[in-house]
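# Per-entry structural report
Spelled out, the chains give:
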Amino acid sequence: MSWSRAEEPRCHGDETAAVNLVVRSKAKDIGDFEVRRALPTVQRRSVGPFVFFDEMGPAALGPDQAMDVRPHPHINLATLTYLFEGAIQHRDSLGTSLNIEPGAVNLMIAGKGIVHSERSPAEARGRPQRLHGLQLWIALPDHAEEMEPEFHHYPEAELPRWTEGGVELRLLVGEGYGRSSPVKALSPTLYVVGEASADSEVLLPEAEERAVYVVSGHVEVAGLVAEPGALVVLEPGHDAHVCSMGPARWALVGGAHVGPRHMFWNFVSSRRERIEEAKEDWRAERFPVVPEDTEERIPLPE
């Protein structure tokens, strides 16, 4: 059970009508650590433009363990990576090579096609390390699906950060609470991370579609008590508060729906034939390579 109805709601008002669906994320072992996938699921394929939601870790890696996601392709989407702990070295076929660290945002816009790898940095190998973060995929709007690929890195200091209702809030993408994020968005997008050190209550900003993912702690969302790993999808047009009963961490995602999308492996597109084309291009090695990471790649799954 990933949620329950609050017997005595702590949040402002009785807002259970604001809840559309509660999705329980599924754990998946990818080698030396575990990820929890909340989107896509049978019950819900997307929330706003977000079509993929993974929580990586939290994982404690030993001296002989590391993150090594070999080069792989993407099309017609953007990836957003945000870390709570640890570091990941990002390399891509544009020639980008840098580490993402806690509090910063990596935005990679695949457009017509990009290849990247994600690995533990050299300086983190050979010693114990921790890794915990969120990686989300955003479906690009129709007019931007085949744009030229781009990569953007936003240091922690550039992102709006403030405290409201006892919660430290970070606006990663979009607009909310009278603030705007510098992170590039190609359609209406909202992404906020909240961290509470004690009991707290905060009203969520409105969006066409919204969902709250509980990372840690017990969180009451619109009158439901949700456990870590739960994604609470909200009905549009209703006020919704998030309350914590002690230390907690959560993420709000949402925005405008971009339309139905097809997905296979790392490919997302509005056109099924475009995915078939990308599959053949990866088999035939027609995608660009990642400089400094050319020795191996992930094969196309059957």
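Everything below is about the structure shown above.
Summarised in this report is the structure supplied together with it. Everything quoted here is computed from the prediction, not taken from an experiment. (Residues numbered from 1 in each chain as written. Predicted model: local features only at pLDDT ≥ 70, side-chain atom pairs only at ≥ 80, totals over all residues. Heavy atoms only, no water.)

## A closer look at the pairing of strand 11 (residues 114-119)
Which entries qualify depends on this criterion: When accessible area is computed with a 1.4 Å probe and restricted to protein chains, residues below 20% of their type maximum are described as buried, those above 50% as exposed, and intermediate ones as partly exposed. Strands are runs of DSSP state E lasting at least 2 residues, helices are runs of H or I lasting at least 4, and numbering of each runs from the N terminus. At least two DSSP bridges between two strands are needed for those strands to be called paired.
Most of strand 11 is tucked away: six of the six residues are buried. Burial along strand 11 is two-sided: the residues Ile-114, His-116 and Glu-118 and Val-115, Ser-117 and Arg-119 are all buried. The pairing of strand 6 (residues 68-74) with strand 11 spans five bridges and is classified as antiparallel. Bridged to Pro-73 within strand 11 is Val-115. The pairing of strand 8 (residues 88-92) with strand 11 spans four bridges and is classified as antiparallel. Within strand 11, the residue paired with His-90 across the bridge is Glu-118.

## Digging into the nonpolar core
Where we set the bar: The term nonpolar core refers to a set of buried residues drawn from Ala, Val, Leu, Ile, Met, Phe, Trp, Tyr and Cys, joined through side-chain atoms within 4.5 Å. Here, residues are in contact when the closest pair of their heavy atoms is within 4.5 Å.
Among the nonpolar cores identified, the biggest contains 33 residues, and Phe-53, Leu-80, Val-105, Leu-172, Val-183, Tyr-191 and Leu-231 are the most heavily contacted of them. Broken down by element, the residue count for this core peaks at four residues, all from strand 7 (residues 77-85). Those residues in contact with Val-183 that lie beyond four places of it in its chain are Leu-80, Val-105, Leu-107, Tyr-154, Leu-159, Leu-172 and Val-173. Grouped together as the second largest cluster of nonpolar side chains are 29 residues, Val-22, Leu-169, Ala-230 and Leu-234 included.

## Some points on the side chain of His-90
Test applied: Identification of polar contacts relies on pairs of N or O atoms within 3.5 Å, with a donor-acceptor requirement for protein atoms, meaning one able to donate a hydrogen and the other able to accept it, and with residues adjacent in sequence counted only if both atoms are side-chain atoms.
Tracing the sequence through the fold places His-90 in strand 8. With a relative accessible area of 5%, His-90 lands in the buried category. A polar side-chain atom of His-90 sits 2.8 Å from a polar atom in the side chain of Asp-92. Ignoring anything within four residues of it in the chain, the contact list for His-90 reads Thr-96, Ser-97, Leu-98, Asn-106, Met-108, His-116, Ser-117 and Phe-151.

## Examining the pattern of salt bridges
Selection criterion: Whenever a carboxyl oxygen of Asp or Glu lies within 4 Å of a side-chain nitrogen of Lys or Arg, that contact is scored as a salt bridge.
With the rule as written, the count across this model stands at 23 salt bridges. We note a salt bridge from Glu-145 to Arg-261, for which the minimum N-O separation is 3.4 Å. One end of the pair, Glu-145, is in the loop between strand 12 (129-139) and strand 13 (150-154); the other, Arg-261, is in the loop between strand 25 (248-255) and strand 26 (262-264), and 116 residues separate them in sequence. Classification of Arg-261 as buried rests on a relative accessible area of 18%. Linking Glu-195 and Arg-249 is a salt bridge whose minimum nitrogen-to-oxygen distance equals 3.2 Å. Placement of Glu-195 in strand 18 (residues 189-196) and of Arg-249 in strand 25 is noted, with a sequence separation of 54 residues between them. Judged by relative accessible area, which is 21%, Glu-195 ranks as partly exposed. Linked by salt bridges that have partners in common, Asp-68, Arg-119, Arg-125, Asp-293 and Glu-296 make up one network.

## Re the sheet that holds strand 23 (residues 230-234)
Worth spelling out the cut-off: Axis definition: a line fitted to C-alpha atoms, limited for helices to the stretch in contact. Angles are taken between N-to-C directions and run from 0 to 180 degrees.
Here seven strands make up an open sheet; going across it, the order is 2-23-20-25-18-15-14 and the pairing antiparallel. Edge positions in the sheet fall to strand 2 (19-24) and strand 14 (161-164), since each of these pairs with one other strand and no more. Taken over all neighbouring pairs, the strand axes of this sheet differ in orientation by 20° on average, direction set aside. Here strand 15 (residues 167-173) runs beside strand 18; their pairing, made up of six bridges, is antiparallel. Each residue of the ladder has a partner; that of Leu-171, found in strand 18, is Val-192.

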